[in-house]
Each structure stands twice: as structure tokens, then as C-alpha cells.
Protein chains: 2
Amino acid sequence: MSTTQASPIDVPAGTRAPVEVTGEHPADDYPDGELALDLRWWSAANYLTAAQIYLRDNPLLRQPLRPEHIKPRLLGHWGTSPGLTMVHTLLNRLVRRTGTEVLMVTGPGHGGPAVLAGAYLDGTYSEVHPAVSADLAGLHRLVRQFSTPGGVSSHAGVHVPGSIHEGGELGYALLHAAGAAFDDPDLLVACVVGDGEAETGPLAASWRLPAFLDPGRDGAVLPILHLNGYKISGPTVLGRTSDDDVCRFLASQGWAPVVVAGDQPDHVFRALDAALSGARRTIADLQRRARAGQDVRPARWPAIVLRTPKGWTGPRTVDGVPVEGTQRSHQVPLANVRDDAGHRAQLAEWLRSYRPDEAFDADGRLVPELAALSPRGDLRLSASPRAGGPRFRVRPLPLPDLTDYALDLTGPGVLEHETTRPLGELLRDVITRTSRADGGGDFRLFSPDETASNRLGAVFEATDRCTQLPVLPGEEHLGPQGRVMEVLSEHLCEGWLEGYTLTGRHGLFATYEAFAMVAASMVVQHAKWLQLAATEPGRSPLPSLNVLLTSTCWRNDHNGFSHQGPGLIDTVAPLAPEVTRIWFPPDANSTLVVAEQCLTSRGQVNLVVVDKQQHLQYLTLDQARTHVAAGGSVWEWAGTEEPGRQRSEDPDVVLAAAGDVPTMEVLAAAQLLREHVPHLRVRVVNVVDLMGLLPPGEHPAAFTPERFAHLFTDSVDVVFAFHGHPRAIHPLLHGRPDIDRFHVRGFTEHGSTTTPFDMVVLNRMSRYHLALEALRRSRRVPEGGDRLARLCHAQLDRHRAHVVDALEDLPEIRTWTWHDPTRTDIEENR
Amino acid sequence: MSTTQASPIDVPAGTRAPVEVTGEHPADDYPDGELALDLRWWSAANYLTAAQIYLRDNPLLRQPLRPEHIKPRLLGHWGTSPGLTMVHTLLNRLVRRTGTEVLMVTGPGHGGPAVLAGAYLDGTYSEVHPAVSADLAGLHRLVRQFSTPGGVSSHAGVHVPGSIHEGGELGYALLHAAGAAFDDPDLLVACVVGDGEAETGPLAASWRLPAFLDPGRDGAVLPILHLNGYKISGPTVLGRTSDDDVCRFLASQGWAPVVVAGDQPDHVFRALDAALSGARRTIADLQRRARAGQDVRPARWPAIVLRTPKGWTGPRTVDGVPVEGTQRSHQVPLANVRDDAGHRAQLAEWLRSYRPDEAFDADGRLVPELAALSPRGDLRLSASPRAGGPRFRVRPLPLPDLTDYALDLTGPGVLEHETTRPLGELLRDVITRTSRADGGGDFRLFSPDETASNRLGAVFEATDRCTQLPVLPGEEHLGPQGRVMEVLSEHLCEGWLEGYTLTGRHGLFATYEAFAMVAASMVVQHAKWLQLAATEPGRSPLPSLNVLLTSTCWRNDHNGFSHQGPGLIDTVAPLAPEVTRIWFPPDANSTLVVAEQCLTSRGQVNLVVVDKQQHLQYLTLDQARTHVAAGGSVWEWAGTEEPGRQRSEDPDVVLAAAGDVPTMEVLAAAQLLREHVPHLRVRVVNVVDLMGLLPPGEHPAAFTPERFAHLFTDSVDVVFAFHGHPRAIHPLLHGRPDIDRFHVRGFTEHGSTTTPFDMVVLNRMSRYHLALEALRRSRRVPEGGDRLARLCHAQLDRHRAHVVDALEDLPEIRTWTWHDPTRTDIEENR
């Protein structure tokens, strides 16, 4: 018998049925006395949950409840909370009995007061936030701070020790849980998934985890699908789905579900305890066999379907209307408590039903017999050393010397190479250097099926694509212990990487630039987490979230307009400056240097934008190091200023670029100017760290006013070729001197045609357009300018005609390289 | 027997097993002669598919294949194509035999050449694009245009008649199919879902459709889950999942799947034909019973799991390596065909295997016996009048007169009201006016469970939340024929609305501002579709995509930082100007006017940003009409310029706002200035149509230079209070005179604290900050300015202390209303 039904609760007829599920989960021994204590701990947690929502004072109700004890604004989510506190209570018991290292991920992070109550009862909260002490004064602060000015927000955010998951924006609980479990063989991640969250796309896709989780090398994820039946104002889909269908749904994706349902606390406690205990045993057995070399595939991982009433143990009815077990208990079950004496009395009665005086002594300290129920030290759920807290440690990546991967150049802009290929070789060796005997490691690569097409295929010399599914004869680079995670879901890639870095490991998410927008909201939410974590007591710096945007808008004209979109740049640029960087390495060696910077940085979101295809290469490794460290440089070899003169005298015009294709086009334009109007003083600038453009004080990477003037002068017109939307540059520049002089060309949503013209015609950023713009914006009319303008216009016409006829660019564009007849050596750029 | 297995194909041992599924699908009569003809039609479609990928000339291979007949760059996706053409062939048969109106949605839109081949063979393509005629000249154009400069992109984009779904960014096929089926009772939407796409989050969540699709009122969606086993470089999850598990997965969510598998064309054709025919009968029966008033719930909708080899009928091996049935046939199975004579010979042999000369006559016309296989007229898949083509019609919404919903005001800024509530009343009556007897209609509201909390609850006087799942006694506003679609997935809401509007109906997606970012990528892709459709021959204008962003960043401080994010504004602003509008109605009446504008507009993405909570109301309906029509106005009643003087003399400073909270704060700042520095000439401007800021030529809504100067002058400093990220304003202004003078305050990702301070302290956009900034930026130092500055600083300190103590804003802020001692009447704003 594998379905545990403790007692009927009010779910629709036909919804609940005994089901056949895989695996045996016999009931465990659970002495009555221990159960009674656990129920008391649960009551204490529920009390603190409700008290946080309602009270600003009188935290243990030792005085009669008066209006001034109630917060003026009632916020927080009660409905999901008693289920969360129950799971916490019983995970405590599991850890007490087995010593298992458990991380709890709370999908319904809206139940923040419940998670916080658990952390407070564990003692962890007071350790991290000493002002919220384990006594009456601390209790007062605990209730007062919740969701009030000067206090804490209402979710399981960074202020809650043990949390790696805020649960604000729903959908990512199981992804964060999976990321935490990867490569952490001793960890059990218990992940509560709410039935509201279960309706989201990312969560729906993340049930496929058993196809990727290796019992030999990885930790375990135990989903607890908590069906309390309602969202904010109506029933949930899974809440109204029969046990049979819910279990079939989970079983079809590699889980062995058991159902625990009921509304009688003692019965549900016994049933859930047995389910947790059985799940742990099944997991341990699976892992033991796998680690002994047995083939356990297809592994069926335990999962628990938990049906308890929404707002359980809260007010049954209010003003004659049912509340417990309905959506009316989703947020605050009793409203208007300050003014309505009847409601206030009902609140007092409800709060007192948890018998706070039996949980807390005269000083407001948790009574010893309840305090003893928490596991010890780091085994406390809220003290997990995985969760970014004080005892959390990040092992730095053993990065090899970049010299072994750098391209040798004979000069700038001559060699063509796939820019991301050396990065793949670097990552290959990072994977090798971090490999453990069990197949695990500290670094993973995440990508929607594009590792090879993104020219990162060298990693397959060191590892495989990860799959737990059958591998056919002759198939290569595919296996259960692969550390390349390929799944056609940007949500899964991003969410797994988030979970992986939130628990201290390193990774890279490599993806199509346009479709990176699929996970834009996740990047925003993760940046917020990093931002808040940076100043939160007790939180240690996390490895950065590194996102490589390749297959960019400039080289996807053949795939059509849907594949062209630099929108993630617009999304990330306005986020908190202290956690955001957007990198535009112009070539392979600078990509290596940027990657090194990203992989050693902490607590940032790094967007690296670089195309995978053949591109001209410009910088030696040393030059790339100087360039990346500066964030942007004058490329003197490409300009026509007299050496040594530029500091005292401004050029006639500045040509600037950020991005690989823009760099090439700016250089080709500079060459046209050099050849046809040699007396025009042109400065060529390359920007690799976009945030340098922001004014000082607005970003840690902002160029100093002196450096900014060194690059762009204070008054000369700048023709700026930008990889992204052109208007993305102007907001960065606001606050710099005279920004009207910046004339930006970039990717525009031109496409009032389905025609995939090649790059130079398709956009307004070609070398000819840039040269024309430089002539137009120059301080003086150079001799030969008219002739060059005519040439540019003619070339644009010729090119347009040529590509329609020959279906490819003009030969002089396809085969263009940098060439300067007046110089033969590579000169240092600065 | 419900599983149809035609012949074994190379899938892993254990993957395939007979399964028990619901429903009977007996094999149909399929005469050998008709099958032979259908196989020939299929071959012709496959030929045209491969020819489009490879050939630029010699379209029927009537000359020996030479290098110059081959495109220089080989692009397109062969792997999925033969399956798509087979589905098209057999849907043709279904329509021929039954007259069913079928819309085909092609999830694997990367198989664009296959979809296009079908539209060409139908004759539809030549009707819409006469230059690509149904003869040899047209065939030449057909192959040459594909994925080349001057030609067409490689997906099932707007250029493909009959397509409502590009299939570029994966994940939305089943959502678009569902949106098309809603309220269209006679329509069968056949939706091919690729096994790559099936890994995405949005697609995974969209399998839950049976919980929302009403057999009585809606059309049907028939998913065809096409498992060819591979993505671009590895196996797919579902491709490696057993039939048993795939069917359990689908069955658990309300589908009755049958499996069709094999690699022998004639066998697979018979099996798929029987499955399609059986599905249609099951659907017809289900709908007939539901429409006769029987309770058919829970309805189990047919679905087809189709396993055929990737790159079926293409090269089996190339250079000794298996290609057919592997990921190597995903894109171009034979590479380097121009230079490699062996490959070229293999290509010619492969192409000739389709016997093009038996399909096309000497003039290149499809032979009559094959042409006869297409359905007639509008019944052709590619000619569906639902799909935006020439015979597509949009029924305008019967909008009621706004007068009935407008708030009566006694003056500006006195009445408080929930701004979105009158909109809910308007939508209620739109729903009533568009209701059909069968429960269907032309308008639906989509929201992640927030209709009531967004104060749009009046709609429940006219309709229900839609659910096909059990409804419990006492539950209200919940039923199978509801036209309010609530599901906790922004992807589903957005995707369903897209499908609904792509087929000519109207709707509104109302959602949390921060979490609207979840669907940002979908909004981008839909905008691209609208943009391209606007100039595509044969495409009619579609109803706009209307997105209401409410629960905004300014009123979510209590929910914490995760709930605050105006990022969708940054995403939409750089999209094509001809299809984008971002509206900031300051109050309820202007919201009504904006809503009317959005619901009557065509082909746009309309973001409407307005908070749901109690806000001051400023404009009468007539004033709101004038204001919205202008896009932005001077609110003379709020400024301190002398009447009539402003045109000849500039003010000392301009205070501008866009957004409801910014409007209130600007007015409160203006009142402070009026009271304390009455001689300062302040102009107060309100902007409702953000795109008006863009310079002329950059957006159809751009203010003329004269209007811009009327609002902002040419040189006076402007303190601009903006709803979104402050730096989002600068890129819009670039190109306007002297933009350095604009000083924008808005929502910043401040939160280096978890503290939910209330609005006025939390941000830098409060009335006191705005007044201080106005003093600082003013052209002259007004008498009393120092005193006001001291007052503002003192109030900020007082307020900060007060909220920490009282947990709410200062009374004078909470209860502030507009008050002008010198005027008593409402004056016209302009």
C-alpha cells in the first residue's frame, strides 16, 4: 500500500482515489510522545506566522488584544503557511533521526512568515540577526518587522537564513532545487511546490528532472507537491485534478509519487512522516546501488503529493462565510481587525488556540523540550552551509593560464577565427580540473542544445551531455555523468544555473541572444537576489551568473527576424549597477579575458555578448588584458591622429564601437577614411565594458571623467556603432558632457520586410554608412570627402544589387581584412 | 485496439510499448489508389522542400545538377519537414472527405520550406504572391527566394498563407492553437508539436488545455506530438521516453492519445489517416453531445503521438555516416554540395527520388490528379479565413459609450477611486454585448488569477472564470463557459490572447507589472509578427495585443523587491514604432479613453500601465478624451504661469509626469511650490502616450516640434517624474532639443535593503524630492525657496521617522488632495 490517506478533506467528488504507485513506503515508528511534541512545535510556528501577519506589539498575547497591537496594514499569506510549517517540523524529525543533510526550498515563498518562523524557532534567525533575539524583546522585533517599513519583506527572501529561493515570482522552485542537488551527492533537497506555481510554464517543464539527475553523482530532490486547492481567488488546476491523474502525471516523468491527504493534524503528521521517511530510504537505496556500480536506470525518484486544507488551523468561518479550506484564507483570513471588535476577538481566540504560553517561557524563550526538536548546528534546515550563510564556502575555480588558449596574431584584423572556440577549450580544461572521481565537479555548462553549434564543442573532450535516458549505439558525447546540461528550455538552463550558483558552484549559460529573452524575468529576479544579498548580514558572496549571448542579431538574418533581438541588454542595463555587467569582447582573446573575469567575479550578473562565427581577430592576449581591464581603449593603430598629439588636440571625429560586428565595421570605415581622406583626424575607440559609459557614481565600472574624455573628448562628435538597439546607449550616457553629440547606429527592428538581406545592407551600421556619418559629423570638411561619400553611396547600391543576384556579400566585404599601408607592426593599443 | 504501430523504427529498446488509451479509432477505408496519389503529393511537397533548401536554379532538375544551381549558403531545416508535409497531405484528405474546417499550426516552424511547399501546392501561395506563379517561372522564384537576400525567411512566418505561427522562438504552438479554437465552435486546429519544443516551459504548461477548452462552445485542438527523436545535436527527452510514459503524461492532463509510429510511408500514412479520422469522429461526437446539453466532463480530447524518423526519405548515410533518423539530418543533411561532386551527385539522386517530373508537367504546373487532392477554396489549409489572409474579417467590438462608466468629478485631485474599477464595468458590458447563445463571443479577458484583485471584478456580473474542472457547491463566478481565462501562467495568458487575436478576436491580458516580464519574449515576438504582417500582401490588420500592467512597482513595496519591476517598458520601447504604444493614463477616466483606443486599434502592442488601487482622480471624461488624443498636455490649473502668458514667455521650470503615482507626486510638488514660492513660474505637464516623446519621424505618435516646445519649451529645465526606470526616458528624447535639461526621477533598483518603506521615502520621486529638484533646476532663485527647501528636508526626515514608528505614511501624505485656494472651478486642460 503506497497511498496514505489520513482523513478525508473537502475536495471534489472523484478527485481523490487510491492509486498504484511505485515503491514501498511503510509507516515508521512515531511514538505518541514525540508526535505530541512535534505538534506543539508546529503550533508554535503557526502562532509566530499569524503573529507576524497581524501583530505589531504584544507578541505573546500576554495582554488583552487591543487595536494598537494590530498593524495598520495587514499583509502576508496565511493560506500556504501551515503546510510549510508542517513540512519544516517533519523534516526536522527526519534530520534528527537520520542525520541527513537537508536543504528546504519553499516554492510558495509567499508563505514567508512561516519560513521565517521556522528559522526563528531553529535559533538560526537570531544568530544571523542578533537584534531579533530568542527572547521577548526578539519576539517583539520579529512580529513588528514583518512587512512593515524598516522591517523585512513578506517572502522567503535573502533575509531568511537557509533560503536560496524567494518564491516571489513563481515557477522556479524545482529548478533551484535541482541546481542545488547537482554534484552534491550527500544532499537531499526537499522542495515544496505550490499548486499555483505548478500552473507556470517553467515549473511544468521542470518535472522532467529525472531525465537529468544522476543518482550516482548528484544529490536528491524530493518534490512535495502541496495541493491546498486554491490560488488567490479560485481553484487550481492540479487541486481539482484527481489523485489518479496527478500521480500518473508525475509517474510518467520519472517520479514515484505517494499521496498524503487529510485535515486531522495527528493523522496527517503520521502519514507525511512515513512518506518522508520512506522517500529517504528509497533515495538512499537508489543512490547506494548506483554508487556501487549498478545500473539503476530508469530511476524512479520519490515524490509526495500533499493535500491539506488551505489556511489549515485558521478561522473556519468569518462572518458566517467559510474561510479555512477556501481561497478566502489565501492572504489575511480576518480583515479589519483594528476596528471590528468581533474580528479582533476571533483573532485573539485563533492565536490563543496555538497556546503560545506553552511554547515560550516567561522570558519569551522557546521551552527546552521544543528547542530540542531542532537538529543541531549546521543540520538545522535554516543553517544549511549550502544556502549562502556564514558557513557557506565557495571553492574558487582552478582556472588555467589563458596563454594556452590564446590565438597568436601577426597583426590586428587579419586572422579569421570562430571567436568562441578558444573559450570552449578553456572550459574543457576547467571541467577537467574540477572533475571528481564520481563524475561530479564544481562547474557546469548549460545550453539549449547549442554547445556544439556555439563552437564550444571542445568541452566534449572532457565530458558528455548529461542524460539519464537511453543512449543508442554510435551516439557520442552523451551519458549520465555529463556536466553539459542541454535542454531546449532557456528557463531550465537559467534556473538550474541559478540553483547551482546559489549553492556555491560555477557555471555558464550559453544561448541564442534573441531567445535569452525567454528567461529575462529570471535574470531580473536573480539580480535582485544578488543585490539584496550583497548587504545582508550572514550572506557570503555567490559565484556570478554568467550568460553568454551568442548567435547574435547581426548574424541571424538568414533565420529571419524572429531570431534577431538584443533585448536582454535593455533588460539588464537598468538593474542595480553593483550587480550588473554587460561585456562586448571584440574578439577571441578578449573573450578569454572577459570569461576569466566573469568566472572569478562574485555576486554579479555578467552578460557576455559575442558571436560564434568566423570573425576577424584584433588583440593579442596581452593587449586584450589591457583592453578589458580598462573597459574601453583608443585603438591608435586604427585611427589617424598623429601619435602623441591626441592629448593636446582633439580629433575631428571619433569612431567608436561596442561589439564584434560593430568593431569590424568601424575598422573598415576607419580604413575607408584613412585611404580617402587621410588628413581627417579620426580617433577609433573600442568599448568592451558597456557600463563604463555610465557617469561616475552610477556604476562601479564607470569611466572616470578623465578616461571618458580621453576616449570621447568633451565636445567632438562621436559616431558610435553599437551591437544592440541604438537608443540603449543614450540612457547610459546621460550625465556625461554634451551627449547630443553621440550618434549611435545599432540594431533596429527595421524589418518591414521578411527579406533576409545580408548584414551590410540590412542594417544602418555598415562601414559605408559609418564612413558617411563620420564625414557628416566631422568638425571640418576634409579634402576628398565628397569623393568618398560618392564612393560609399555607390558601394551601397552595388552591394544591394550584388546580394540579390549572387545571394552573398560583395567579395571585398566578405574577404575584407584590416590593412594599413603605412604600418606593418602591431602597435600597443591603450 | 487503439495503438497504431505501422512498422518498427529505430527507437531505443523499451521506449516503445503498446499502451491502453481511451477512445476507439478504427481504421478507415483508404483505397490503394487514393493512397498512391497522396504519396505522390507528399513526394512533390518533399521535393519542393529540399529544392528550396538547396537550389537557386534548375528547379525541376531538368538539366544536370551543376554547382551554379546550388545556393552559396545552405540554410533551412530538413529534419522535421517530411513529417510536416505528411500531416498536411493527410489533413487535406480529412478535409476532402469531411469538409471539416481545419487550421494547421506548425510548432516546428523551422520546417518553413515544408509549410511553404504545402501552400504552394494548394495554389494559395501563388494567389497571394502572384510572382511565385504556379508554373516553371514560379517554381524558379520559389526555390530561389527561400532564405536568401531579397527572398523569404526560413520559418512559417507571415509570408506563408494559412500560418498564424512562425515557430521561430519555440514554445507557443499549443497556446496559439488554443487561442484560435476558443469561441470558434466549427474549427478544428491541428497543432504539430515538435519534441524539441515540448521541452520548453510554455509548451509543457499548455498541455493543460483540456481544463479550459469547452466542447460546447469552443472549437477543437488536435495535438500531433511529432517525436522524431532529435534536436540539433542530441536526442530529445520525449523522443527517448517510452510510448507508455508519453501516453500517461498526455492522458493525465485530459488527452486520449494514440500512437502512430513507423518508417514505411504507406503504412504510416494509413495509420495516421486512421488516427486523424478517428480523432475527428471522437471530437465531433464529444461536441455533438455537449451541444445537445449532455455533461461530457471530464472530456478526454484526442491527441496523436507520431514517431517517424528525423529527415525521413532524405539521405540515409552521407560519407558512410548515418544521417536519416539521426540529429545529422536536423538542418542540411548534405553539406558542401557546390564543391563536392560526390555530394552533389547524391543530392541529385535524392531529389530525383521524389520524381518531380511525375508531379509537374512540362510547364511546371502541378499535374491535375495531384492538384485535385487539395480541398477547394477556403477549405485549403493555407487559405483558412481564420489565419489573417485576404478573406479574414475582424468584427469590430461593439463598445458602449464611455459616458456610462466615467467618474463624475467636482474638481481635479479630490475624489479617490480605484482607477481600474470603471474599466472592469466597461469590460463587463463588452462581454455582454459580444455574448453568443452558446456562451461564446468575440472578447475574452486573460489574467493570472488577478481579475478581482485588479478591481476588474465587475466582469463576473457578465461571465465566469472558465474551468472545465469540477466546481464545488458555493463557489461563484466559475464555470465551463466563462470568458475570463485565469491561469497562473503569464505564458498561457499571453499565448492564448495572441492566438485569439491572430484569428481576429479581441482581448485584454491584465497582469502584475513585475511578472509581465515572464512573457516579455512573447511580446517581442508578437510585435515582430505584427510588424511584418503590416506590409505583407494578403494579410489583414489584426486586433491589437492589449496588455494591462497593474499592481505596479510603486505600490508593491510591501510585497518586497521581487514584486517591483517596470522592465516591460524597457523591452517594448525599442520595438518597431509602428506597432508599439505605451500608455500612462493618470486616472480612471483617461484609462477608459485609452482602453477604447486600444480596443479599436489594429495591429499594435498596447501596454497600459495603471495601478489598481485607490488614487486621486483628475480629469472629466471630456478632459480625458482631449488629453489622450493629444498624448500629453499642459495642466494649466496645476501650474503657476499667468494664463495667456505661457506662449510668449517660458516658465522658470517644467514639472512633468507620466504615470499615476508620478502624476500625484508632481501635483503635490506643484502645490508646495505654489504655496511657498508663488512667484516661481511652474508649468505642469502630463504625458499619457509615452511614444510622443520620440522625435518626429521616429514614431507615428511623436509630438510635433511645436507641440513638444509647447509642452517642454526648447530650453527650460524639465523635472520629469516617470513611472518606470528613469533612464528609459533619455533614449526617447534623443533628437529633441537640448536633452541634457531633462532631469528624470523614476523607479530605481534601489533596494540595497529588504526594507519595504512606503513609497514616498523608498524612492527618489516623492513630492519633496520633486519640489527640491524643481527649485534646484529653476531658472531663477525664487523668494522663499530656501524656506521651502528646509521644509522639504524636514518633511522627509519627519516622514522617515514616522513610517518606521507608525508603519504608515504621514497623515498629510495619506490624505493629501489637490487644493488651490485661488481657484474653485475645474478649468480645461489642454
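The sections below set out a description of the structure shown in this document. (Residues numbered from 1 in each chain as written. Chains lettered and ligands numbered in written order. Predicted model: local features only at pLDDT ≥ 70, side-chain atom pairs only at ≥ 80, totals over all residues. Heavy atoms only, no water.)

**A short note on the overall build of chain A**
So, step 1. The helix and strand inventory of chain A stands at 25 helices and 23 strands.
So, step 2. In summary, chain A has a C-alpha radius of gyration of 30 Å against a globular reference of 28 Å for 830 residues, a match within 12%.
So, step 3. Expressed along its principal axes, the backbone C-alpha trace of chain A runs to roughly 95 × 65 × 45 Å.
So, step 4. Per-residue burial over chain A gives 71% buried out of 830 residues.
So, step 5. Taking the intrachain contacts of chain A between residues at least 6 apart in sequence as the baseline, contacts between residues at least 24 apart amount to 79%.
So, step 6. Accessible area for chain A stands at about 24500 Å²; split by element, carbon and sulfur atoms hold 50% of it.
So, step 7. Charge-centre separation for chain A: the mean point of 79 positive side chains lies 4 Å from the mean point of 101 negative side chains. (Helix = DSSP H or I, 4+ residues; strand = E, 2+ residues; numbered from the N terminus. Rg over C-alpha atoms; globule rule 2.2 N^0.38 Å. Buried < 20%, exposed > 50% of the residue type's maximum accessible area, 1.4 Å probe, protein only. Contact = heavy atoms within 4.5 Å. Areas by Shrake-Rupley, 256 points an atom, 1.4 Å probe, with all protein chains shown as cover. Lys, Arg positive; Asp, Glu negative; His and termini not counted. Charge placed at Lys NZ, Arg CZ, Asp CG, Glu CD.)

**Some words on the pattern of salt bridges**
So, step 1. Taken as a whole, this structure holds 94 salt bridges over all chains when the rule is applied.
So, step 2. When the shortest N-O distance is used, the salt bridge between D183(B) and R217(B) registers 3.9 Å. Of this pair, D183(B) sits in the loop between helix 6 (173-181) and strand 3 (187-194) while R217(B) is found in the loop between helix 7 (201-206) and strand 4 (220-227), placing the two residues 34 residues apart along the sequence. With respect to burial, D183(B) and R217(B) carry one shared label: buried.
So, step 3. Several salt bridges converge on common partners, so that one network encompasses E34(A), D38(A), R93(A), R96(A) and D273(A). (Salt bridge = Lys/Arg side-chain N within 4 Å of Asp/Glu carboxyl O.)

**Re the nonpolar core**
So, step 1. Counting 541 residues, the largest nonpolar core has F712(A), F720(A), F712(B) and F720(B) as its most contacted members.
So, step 2. Among all residues touching F712(B), those that are not within four sequence positions of it are V654(B), A656(B), R683(B), V685(B), V687(B), L693(B), V718(B), F720(B), R741(B) and F742(B). (Core = buried A, V, L, I, M, F, W, Y, C linked by side-chain atoms within 4.5 Å.)

**What about the side chain of T124(B)?**
All names here are of chain B.
So, step 1. Examined against the element boundaries, T124 turns out to sit in helix 4 (residues 124-128).
So, step 2. For T124, a relative accessible area of 3% gives the class buried.
So, step 3. Once residues within four sequence positions are removed from consideration, T124 is found in contact with A119, P161, R380, S382 and A383.

**Details of the interface of chain A and chain B**
So, step 1. With 121 residues of chain A in contact, the opposing surface of chain B contributes 122 residues.
So, step 2. With both sides pooled, the region where chain A packs onto chain B buries about 10100 Å², and carbon together with sulfur makes up 56% of that total.
So, step 3. For the interface between chain A and chain B, the tally reads eight salt bridges.
So, step 4. A salt bridge links R300(A) to D245(B); the shortest N-O distance between them is 2.9 Å.
So, step 5. Linking chain A with chain B are 44 residue pairs in polar contact (both at pLDDT 80 or more).
So, step 6. Secondary-structure elements contributing two or more residues to the side of chain A that touches chain B are helix 7 (201-206), helix 8 (243-251), helix 15 (520-533), helix 16 (567-572), helix 21 (729-733) and helix 24 (785-806) of chain A.
So, step 7. No other element matches the six residues that helix 15 of chain A contributes to the side of chain A that touches chain B.
So, step 8. Partitioned by chemical class, the residues of the side of chain A that touches chain B number 49 nonpolar, 41 polar and 31 charged. (Buried area = accessible area lost by both parts, 1.4 Å probe. Polar contact = N/O pair within 3.5 Å; in protein donor to acceptor, adjacent residues only side chain to side chain. Nonpolar A, V, L, I, M, F, W, Y, C, P; charged D, E, K, R; others polar.)

**Quick notes on the relation of the copies chain A and chain B**
So, step 1. Mapping chain A onto chain B calls for a rotation angle of 180° and an axial translation of 0.0 Å; the resulting RMSD is 0.0 Å. Considering both components of the superposition, the chain copies are consistent with a two-fold axis. Residue G201(A) of chain A places its C-alpha closer to the rotation axis than any other residue of that unit, at 2.0 Å.
So, step 2. A share of 100% of interface residues in chain A that are also interface residues in chain B marks the association as one of identical surfaces. (Least-squares fit on C-alpha atoms with pLDDT ≥ 70 in both.)

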